[in-house]
Amino acid sequence: MDGEGGSSGLAKSAAVKLSEMGERTKQLGTAMRDPHQQRRIILVIVCVALLLDNMLYMVIVPIIPDYLADLELEQSEHVHVVMHSNTSANSTSQDKSNKDNLDIQIGILFASKAILQLLVNPLSGTFIDRVGYDIPLLIGLTVMFISTCIFAFGENYATLFMARSLQGLGSAFADTSGIAMIADKYTEEGERSRALGIALAFISFGSLVAPPFGGVLYEFVGKRVPFIVLACICLADGLMLLTVIKPFSNRTRENMPVGTPIYRLMIDPYIAVVAGALTVCNIPLAFLEPTIANWMETTMHSSQWEMGLTWLPAFFPHVLGVYITVKLAAQHPNLQWFYGAVGMVIIGASSCTVPACKTFGQLIAPLCGICFGIALVDTALLPTLAFLVDVRHVSVYGSVYAIADISYSVAYAMGPIVAGQIVHSLGFVQLNLGMGLVNVLYAPALLLLRNVCQMKPSYSERDNLLDEAPQGLYDTIKMEERRAKKKGYSSAGNCLSVDENGFDPFRGQRSLSEESSGPECT
């Protein structure tokens, strides 16, 4: 009897637990169907993907130079055993040549990710516009997972180079589709700026925390562990994407408009100005990362831990810059260009003061200034790209954020290769003065964006195709407002809008209307 009572109690307990699990699953399913809850989950998925990508980009900084140096040393020892009769002078010359060759190999390895990302982005942006944001994000996470596993188990330069290049391929899909998905799901300008600001904070956290994370794990548990940890997080993020968004089960792209071709976006003067600003503001960070450690070692005799933690304090002013810009943009959205210009001036001034620093404590201040300025520029201008697409083109964001990714990739592709050559030829001081001057001189170009907020939306085929609830910024125009606009609205010169494709959405209404709202603009 006791046995039967015990088994009955266990059965009841199991039934209660199963019921609770079923209720929680039901609540989770309801939350996933709620658009507001779903977009929060999507924001988490995208932020984790961006965090992973930037951690993978920076985690190799303390690992790869030392690992490749050990490989080079093993090869050199083998050569010395074979050629034991060499003189000491020849040995010294050979060691210097090997060091120069190692520096070149490291520079090419670091830059290969950004170079491939730069080449793939025009294709990935078009692909994202055609198939949506979820499948490209899944492709990017899959490729990043494979590249991370290769990094973990690769034991020669060729394998590591292939893994680094594969990461660039994955980033071209994951970064672009993730940012575009945020722009599409968060429709109001204030919400969009806040969501993109959170994404930028994760990007900054990944970039600045990865070097100490990789260095500590590499020192105590070896090369493989940091990459295995990141691969597991990448796998979990991909599984969450499959569970929440279900990329292959909900295909609605057939009813969505075709995005503006990327080449047309590139020649849009407003988008070109924003893309140029994103490139210029990231040049100091991209050029200092591969050069500042050697400069610190030679000028201020910094220890290894100081060089490893150089950029970590800059995370806090970067997050502060994101927060301040989001708050200011909510109150004065028409001044986004001004926040970006101020950020570029701060970057320029901070870059010029880096060579004057004599201690590690002094160096923290200008590096924090650089990251604070980058936060202002990125947080102000990334939402501006989406708004420009909304008002001047079609509200599909894959290609425009591929252009943004190209802008970043240009800076980070040049940095590891060009920065060292500039330091060797002209000096570290001249490098920083040049980067600072370029940022200050580019800031006035953002004046071109001062009237962007006064632009009217473009009326494209999305007006005719959209029958469902609002999805992106353009869709958030309420149906009543859209009907009112379709009846005609007054603007400068009493003109009606004709979109960039020559499509006049009001022609049908004017043919039925007895009143004319004004001559058609040409």
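You'll find the structure just up there.
All of these numbers come straight from a predicted model, not from anything done at the bench. (Residues numbered from 1 in each chain as written. Predicted model: local features only at pLDDT ≥ 70, side-chain atom pairs only at ≥ 80, totals over all residues. Heavy atoms only, no water.)

Enquirer: Even after reading the chapter, I still don't get helix H11 (residues 292–299), so can you show me in this structure?
Expert: Along H11, the positions that sit buried rather than exposed are Ile292, Trp295 and Met296. When H11 is viewed along its axis, its buried side chains cluster within an angular range of 100° and face the same direction. Across from the buried face of H11, at angles greater than 90 degrees, the exposed residues are Asn294 and Thr298. Where H11 ends, the next residue or the one after it, His301, has phi of about 50°, a positive value. (Buried < 20%, exposed > 50% of the residue type's maximum accessible area, 1.4 Å probe, protein only. Helix = DSSP H or I, 4+ residues; strand = E, 2+ residues; numbered from the N terminus. Arc of directions from axis to C-beta.)

Enquirer: Hey, could you run me through empty space enclosed by the protein in this one?
Expert: Rolled over the atoms, a probe sized like a water molecule indicates the empty space that remains. If you walk through the whole model with that rule in mind, you get two cavities of 30 Å³ or more. Put simply, the largest cavity is a space of about 550 Å³. Around the largest cavity sit 30 residues that line it, and Asn54, Ile203, Asn282, Tyr408 and Tyr412 are the ones nearest its centre. Taken together, the elements giving at least two residues each to the lining of the largest cavity come down to helix H2 (35–59), helix H4 (88–131), helix H6 (157–185), helix H7 (189–221), helix H10 (269–288), helix H15 (360–392) and helix H16 (398–425). When residues in the lining of the largest cavity are grouped by element, the largest group, six residues, is from H16. Among the residues forming the lining of the largest cavity, the class breakdown is 16 nonpolar, eight polar and six charged. Space inside the second largest cavity adds up to approximately 80 Å³. Forming the boundary of the second largest cavity are Tyr57, Met58, Val61, Phe110, Ala286, Glu289, Pro290, Tyr412 and Pro416. For the lining of the second largest cavity, the elements supplying multiple residues, two or more each, are H2 and H16. Split into classes, the residues belonging to the lining of the second largest cavity amount to eight nonpolar, no polar and one charged. (1 Å grid on protein atoms, 1.4 Å probe; cavity = no way out; pocket = protein on both sides within 12 Å on 5 of 7 lines; lining within 4 Å. Points joined across faces, edges and corners; volume = space filled by probe spheres on them. Nonpolar A, V, L, I, M, F, W, Y, C, P; charged D, E, K, R; others polar.)

Enquirer: What am I meant to see in the environment of Val354 here?
Expert: Here Val354 is to be found in the loop between helix H14 (336–353) and H15. For Val354, the residues in contact, after removing those within four places along its chain, are Trp295, Leu363, Pro366, Leu367, Ile370, Phe428 and Asn432. (Contact = heavy atoms within 4.5 Å.)

Enquirer: Looking at this structure, how should I read the layout of surface pockets?
Expert: What the largest pocket holds in volume is close to 1,900 Å³. As for the largest pocket, its lining consists of 49 residues, and the residues nearest its centre are Pro65, Ile106, Pro290, Ala293 and Asn294. With nine residues, H4 is the single largest residue contributor to the lining of the largest pocket. Here the lining of the largest pocket is composed, by residue class, of 30 nonpolar, twelve polar and seven charged.

Just geometry here; none of it tells us what the structure is for.
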